[in-house]
Every structure is written in C-alpha cells, then in structure tokens.
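One-letter residues, chain by chain:
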Amino acid sequence: MAERKARVERNTLETQITVEINLDGTGKATFDTGVPFLEHMMDQIARHGLVDLNIVSKGDLHIDDHHTVEDIGITLGQAFIQAVGDKKGIRRYGHAYVPLDEALSRVVIDLSGRPGLIMDVPYTRGSVGGFDVDLFEEFFHGFVNHSMVSLHIDNLRGKNTHHQIETVFKAFGRALRMAIEMDERMAGITPSTKGSL
C-alpha cells in the first residue's frame, strides 16, 4: 500500500500555514499555531484518529483567531484529500459516539467527494479560555470544503462547554479513523457504485 502522507503549505496575506499529515500514523502531533485551545482539540483528532499531525501557523492573531482557525481547517482539508488518494479499499463511512462526564456527542462522516457540514452544538457558553467557540464551525467548514467530505456533528447533551467541544473532536477523530481504515474485502475497489469518489 502506498504511503498515505501529505504536506501542504498555504500562504495568504492573513495566514501562513504548513500541515503535514500521515493517515497511517500512531497519533503523534506537534503544533505551533498560537491558538492553544485549538491545538488541544486537534490533539484529540490525532490521538483518537491515529493520524500524525504537524501543523505550523503564523496568522493575524492581533486581530482575532478567526482567520487562523478557518485557514488551518482549510489547509488540513487540503492535506487530507491528498493523503487519502483514490480511496480504493477504504471503508468510506465512519461514525462515533463519545461521552465525557455529562456530555455526549455523535459524529458521522462520509468520504463522498461532496462537501457538506451539518453541525448542531448548542454551546452553553460563548467562549472557553478566551477562545470564541463559534470558530469551531469555521474550522470544520474549512476542512469539509477542501477535503470533500460529508460531515454530521451533533452534541446530544452537555452542560460544560469544554466537555461539549472535546467530545466533538474525540468523536471526529474516531469517525475519521473508521472511514479511512482499509477494508480487506474491498481491496482495490472504490466503495461506490459510481466507480469513483
């Protein structure tokens, strides 16, 4: 099997971002983005998705986190679609439920080749540690639009906003891991009746 790795650089007047990804990794992650709470959440993707991530970003954080968070999602999506390749032999679909104390979230993903995000997370607070939680939807929009996946994210219950967000990211990592796993029974076959994704 070919290595499922990619490295993408994306430079704009607002951000300069480099993402390295290994879909067949061990969950190692290194981040230098200037946005610690986002880094904590992306670490959940790596750890629970068993993907290796190295993300470096310089952005206009003196304004706010918006451009950096969105553009990291975009660049991660670009790296993901390169690394996953032609998708032959993968499971394609993934899903996970993850609890954390009182919080419970569900994430379902389809590596369909068609971008779409449905995200229903009724945050109980507007920020955590100074981080605007609305930016997580911008992160996932960026990822979805450039990885060409269909993603459904639902926080089913939760009172602690940190717990709500963490269950979302852990479930996303677990669902992603399932979707990109190789299926021996589908070896060399595209998981679609269309013959392409």
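Residues numbered from 1 in each chain as written. Predicted model: local features only at pLDDT ≥ 70, side-chain atom pairs only at ≥ 80, totals over all residues. Heavy atoms only, no water.

The chain is annotated in an unreviewed UniProt entry as Imidazoleglycerol-phosphate dehydratase from Marinobacter mobilis. In UniProt, the chain has this text filed under Catalytic activity (unreviewed entry): "D-erythro-1-(imidazol-4-yl)glycerol 3-phosphate = 3-(imidazol-4-yl)-2-oxopropyl phosphate + H2O". Recorded in UniProt for the chain, the comment headed Sequence similarities (unreviewed entry) runs: "Belongs to the imidazoleglycerol-phosphate dehydratase family." (UniProt positions renumbered as here; feature names shortened; annotations may be inferred.)

*Asks:* I'd love a proper account of the pattern of salt bridges, names of residues and values included.
*Replies:* Inspection of every chain in the model, using the stated rule, returns eleven salt bridges. Of the charged contacts in the structure, one is a salt bridge between Arg47 and Asp43, with a shortest N-O distance of 4.0 Å. In this pair, Arg47 and Asp43 both sit in helix 1 (residues 36-49), four residues apart, roughly one turn of the helix. Overlapping salt bridges, with partners in common, bring together Arg7, Glu9 and Glu20 in one network. (Salt bridge = Lys/Arg side-chain N within 4 Å of Asp/Glu carboxyl O. Helix = DSSP H or I, 4+ residues; strand = E, 2+ residues; numbered from the N terminus.)

*Asks:* Hey, could you go over unusual backbone geometry for me, with residue numbers and the actual values?
*Replies:* Unusually for a residue other than glycine, Leu50 sits at a positive phi of about 55°. Mapped onto the elements, Leu50 comes out in the loop between helix 1 and strand 4 (52-59). Looking at Leu50, the relative accessible area reads 30%, which means it is partly exposed. Despite not being glycine, Arg92 shows a phi value in the positive range, around 80°. Along the polypeptide, Arg92 turns up in the loop between helix 2 (66-84) and strand 5 (93-100). Arg92 gets classed as buried once you look at its relative accessible area, which sits at 7%. (Buried < 20%, exposed > 50% of the residue type's maximum accessible area, 1.4 Å probe, protein only.)

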